Amino acid sequence: MGIVGGLFLGTVVFLINFDHGTVNALIAALKQATYTFFAGGFMLRLTENVAVSIDGYYKAIITACIVSTIVAVTLTFIVHSLRGTPEPFHSTIPTMVFSPWGFLWWAIRKKRRQLKTVGD
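Report on the accompanying structure. None of these values were measured; they are calculated from a predicted model.

1. Quick word on a nonpolar patch on the surface
So, point 1. A cluster of nonpolar residues, Phe 8, Phe 77, Phe 89, Met 96, Val 97 and Phe 98, forms a patch on the protein surface that exposes about 540 Å² of accessible area.
So, point 2. Element by element, the count of residues in the nonpolar patch is highest for helix α4 (residues 88-119), at 4 residues.
So, point 3. By the element assignment, Met 96 lies in helix α4.
So, point 4. Its relative accessible area of 33% is what places Met 96 among the partly exposed residues.

Structure representation (C-alpha cells):
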C-alpha cells in the first residue's frame, strides 16, 4: 500500500507543481512519495489504535478518521513547507481529499475485525 500510495500521491503532486519546472515538480513529488511510503504505515497504525481504543462503533471510526486525517494533513504540509516545494498548500490538497477516505476504510476494517474477535 505504501508503494501504491506513494506513486499515486507523488504523481498528483508532480502535476500540481509542474508549472514551476520539471525539477521543482520532481522534488515535490519525491518528497510526497517518500513521505507517503514511510509515514503511511505509521498513519494506518494510528488509525487502528484509535479505532480499537474507543467504545462505540461509529464514534471509534469517526474519531480514528478525523485524528489520522488531521495528523496526516499537518505532517504533509510541514514536509512541503520545507525548501523545494513551490506550492506547499496546493501539494497538501491531495492528502486532504484522499486520506480521509483511506482512513475511514481502514478504521472500519479494523473495528469490524475487533468486533468479530470479541464476538467469537
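Now that the structure is up, let's keep going.
2. A short note on the nonpolar core
So, point 1. Met 43, Val 50, Ala 64, Ala 72, Phe 103 and Ala 107 are the most contacted members of the largest nonpolar core, which totals 16 residues.
So, point 2. Sort the elements by how many residues they give to this core and helix α2 (residues 22-53) lands first, with 7 residues.
So, point 3. Residue contacts for Ala 72: discarding those within four places in its chain leaves Tyr 35, Met 43, Thr 95 and Phe 103.

3. Some points on the side chain of Ser 68
So, point 1. Position of Ser 68 among the secondary structure elements: in helix α3 (residues 57-81).
So, point 2. By relative accessible area, which is 0% here, Ser 68 ends up buried.
So, point 3. A distance of 2.7 Å separates a polar atom in the side chain of Ser 68 from a polar atom in the side chain of Thr 47.
So, point 4. A distance of 2.9 Å separates the side chain of Ser 68 from the backbone oxygen of Ala 64, its partner in a polar contact.
So, point 5. If we ignore the near neighbours within four places in the chain, the residues touching Ser 68 are Met 43, Leu 46, Thr 47 and Phe 103.

4. Regarding the pattern of salt bridges
So, point 1. Applying the stated criterion to the full structure yields 1 salt bridge.
So, point 2. In this structure, the salt-bridge partner of Arg 45 is Glu 48, at a minimum N-O distance of 2.8 Å. Linking Arg 45 with Glu 48, this pair stays in helix α2, spanning 3 residues, or about one helical turn.
So, point 3. On the basis of relative accessible area, Glu 48 is assigned to the buried category, the value being 12%.

5. With respect to the layout of surface pockets
So, point 1. Approximately 540 Å³ is the volume found for the largest pocket.
So, point 2. Forming the walls of the largest pocket are 26 residues, and the residues nearest its centre are Gly 5, Leu 9, Thr 36, Ser 99 and Phe 103.
So, point 3. The leading source of residues in the lining of the largest pocket is α2, at 10 residues.
So, point 4. Considered class by class, the residues forming the lining of the largest pocket number 16 nonpolar, 10 polar and no charged.

Cut-offs and rules
- Residues numbered from 1 in each chain as written.
- Predicted model: local features only at pLDDT ≥ 70, side-chain atom pairs only at ≥ 80, totals over all residues.
- Heavy atoms only, no water.
- Patch = residues over 30% accessible without salt bridge, like charges linked within 9 Å, V, L, I, M, F, W, Y side chains within 5 Å.
- Areas by Shrake-Rupley, 256 points an atom, 1.4 Å probe, with all protein chains shown as cover.
- Salt bridge = Lys/Arg side-chain N within 4 Å of Asp/Glu carboxyl O.
- Helix = DSSP H or I, 4+ residues; strand = E, 2+ residues; numbered from the N terminus.
- Buried < 20%, exposed > 50% of the residue type's maximum accessible area, 1.4 Å probe, protein only.
- Core = buried A, V, L, I, M, F, W, Y, C linked by side-chain atoms within 4.5 Å.
- Contact = heavy atoms within 4.5 Å.
- Polar contact = N/O pair within 3.5 Å; in protein donor to acceptor, adjacent residues only side chain to side chain.
- 1 Å grid on protein atoms, 1.4 Å probe; cavity = no way out; pocket = protein on both sides within 12 Å on 5 of 7 lines; lining within 4 Å.
- Points joined across faces, edges and corners; volume = space filled by probe spheres on them.
- Nonpolar A, V, L, I, M, F, W, Y, C, P; charged D, E, K, R; others polar.

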